[in-house]
Amino acid sequence: QIQGTIFDLDGVLTDTAEYHYQAWQRLADEEGIPFNRQANEALRGVSRRASLMLIIGNRRYSDAEIEEMMERKNQYYVELIKNISSQDLLPGAVSLLDQLRQAQIKIAIGSGSKNARTVIERLGIADKVDAIADGYSVQKPKPAPDLFLFAAQQLGLAPSLCVVFEDATAGIAAGLAAGMWTVGLGPGERVGAAHVVLPNLAGIKWVDIRAKLTRYSR
Ligand code: BG6
Ligand code: MG
């Protein structure tokens, strides 16, 4: 059975994935590196450093230049999220969090972002979650299971009692590697490896997800 949920943040509860894209696009433009929305697909849910590596490809940069570019991208991102509010929660997000609270299911955020706490506070959902695992919690980024295992530990739950909600291929891989149930949000090409795949959280009923996962486990 399921006693805990772990939510990715960017692209699941809010569409900050778009702001990450815009910040990378600005950096790439400044550096004269070809980059576009389609290339950004490969960056969804990927850590800051790994994202930059994908953007620069085989171009040569010093460690100092790489650090500077990561910092610059983050400044652009921080600027873009300055005005986010509860208006930026994706449809169905608050309803699902409230249903989970009602059902006494624990809730954690499992985001690889160092900006996760700021975003959670601005979205106004800090008091709706029991634990936060973010970009400072573990060393190894998704698709390693570490971040979700850390989140489960914070909730005091075994991984097998937790379900992960994710919009990224790397995130579903991380959830599966952690031995957790997974709900993929988005197109099958992206999250098809998940136990349950849904387009997004809109209109989602916790009892329906629970039923789908229970059927799966028999
Ligand atoms: C993930 C995002 O949540 O966090 C990625 O999906 C991002 O796009 C990663 O690269 C790291 O975030 P940050 O804010 O620490 O650069
Ligand atoms: Mg995401």
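Residues numbered from 1 in each chain as written. Chains lettered and ligands numbered in written order. Predicted model: local features only at pLDDT ≥ 70, side-chain atom pairs only at ≥ 80, totals over all residues. Heavy atoms only, no water.

### Notes on the pattern of salt bridges
- The tally for this structure, following the rule as stated, stands at 15 salt bridges.
- Put simply, E18 and R37 hold a salt bridge, and the shortest N to O gap is 2.9 Å. Placement of E18 in helix 1 (residues 16-31) and of R37 in helix 2 (residues 37-40) is noted, with a sequence separation of 19 residues between them.
- By relative accessible area, R37 is classed as partly exposed at 48%.
- When the shortest N-O distance is used, the salt bridge between R117 and D134 registers 3.4 Å. Taken together, the residues span a long stretch of sequence, with R117 in helix 6 (residues 116-123) and D134 in the loop between strand 3 (131-133) and helix 7 (146-155) at a distance of 17 residues.
- One continuous salt-bridge network, built from bridges that share partners, spans R26, E30, E31, E68 and R72. (Salt bridge = Lys/Arg side-chain N within 4 Å of Asp/Glu carboxyl O. Helix = DSSP H or I, 4+ residues; strand = E, 2+ residues; numbered from the N terminus. Buried < 20%, exposed > 50% of the residue type's maximum accessible area, 1.4 Å probe, protein only.)

### Thoughts on the site of ligand 1
- As a matter of local geometry, ligand 1 sits amid 13 residues, with D10, V46, R48, S113 and K114 nearest to it.
- Within the side chain of D10, an N or O atom sits 2.7 Å from an oxygen atom of ligand 1.
- V46 places a polar main-chain atom, nitrogen or oxygen, 2.7 Å from an oxygen atom of ligand 1.
- For ligand 1, the protein covers 94% of the area, taking 390 Å² as the surface of the free molecule.
- If you map ligand 1 onto the pockets, it falls in the largest pocket.
- In the shell around ligand 1, the residues fall into one nonpolar, eight polar and four charged. (Near = heavy atom within 4 Å. Polar contact = N/O pair within 3.5 Å; in protein donor to acceptor, adjacent residues only side chain to side chain. Areas by Shrake-Rupley, 256 points an atom, 1.4 Å probe, with all protein chains shown as cover. 1 Å grid on protein atoms, 1.4 Å probe; cavity = no way out; pocket = protein on both sides within 12 Å on 5 of 7 lines; lining within 4 Å. Sits in = over half its atoms within 2 Å of the grid points. Nonpolar A, V, L, I, M, F, W, Y, C, P; charged D, E, K, R; others polar.)

### A short note on the coordination of the magnesium ion (ligand 2)
- D8 (OD), D10 (O) and D167 (OD) make up the full set of protein donors to the magnesium ion (ligand 2), lying at 2.0 to 2.1 Å.
- All donors of the magnesium ion (ligand 2) come from a single chain, and their spacing in sequence reads D-x1-D-x156-D. Here D10, found in the loop between strand 1 (4-7) and helix 1, pairs with D167, found in the loop between strand 4 (162-166) and helix 8 (169-177); they are 157 residues apart in sequence, far enough to count as distant.
- Under the relative-accessibility criterion, D167 is labelled buried at 2%. (Donors = N, O, S within 2.8 Å, 3.2 Å for Na, K, Ca; no water.)

Read these as geometric descriptors, not functional statements.
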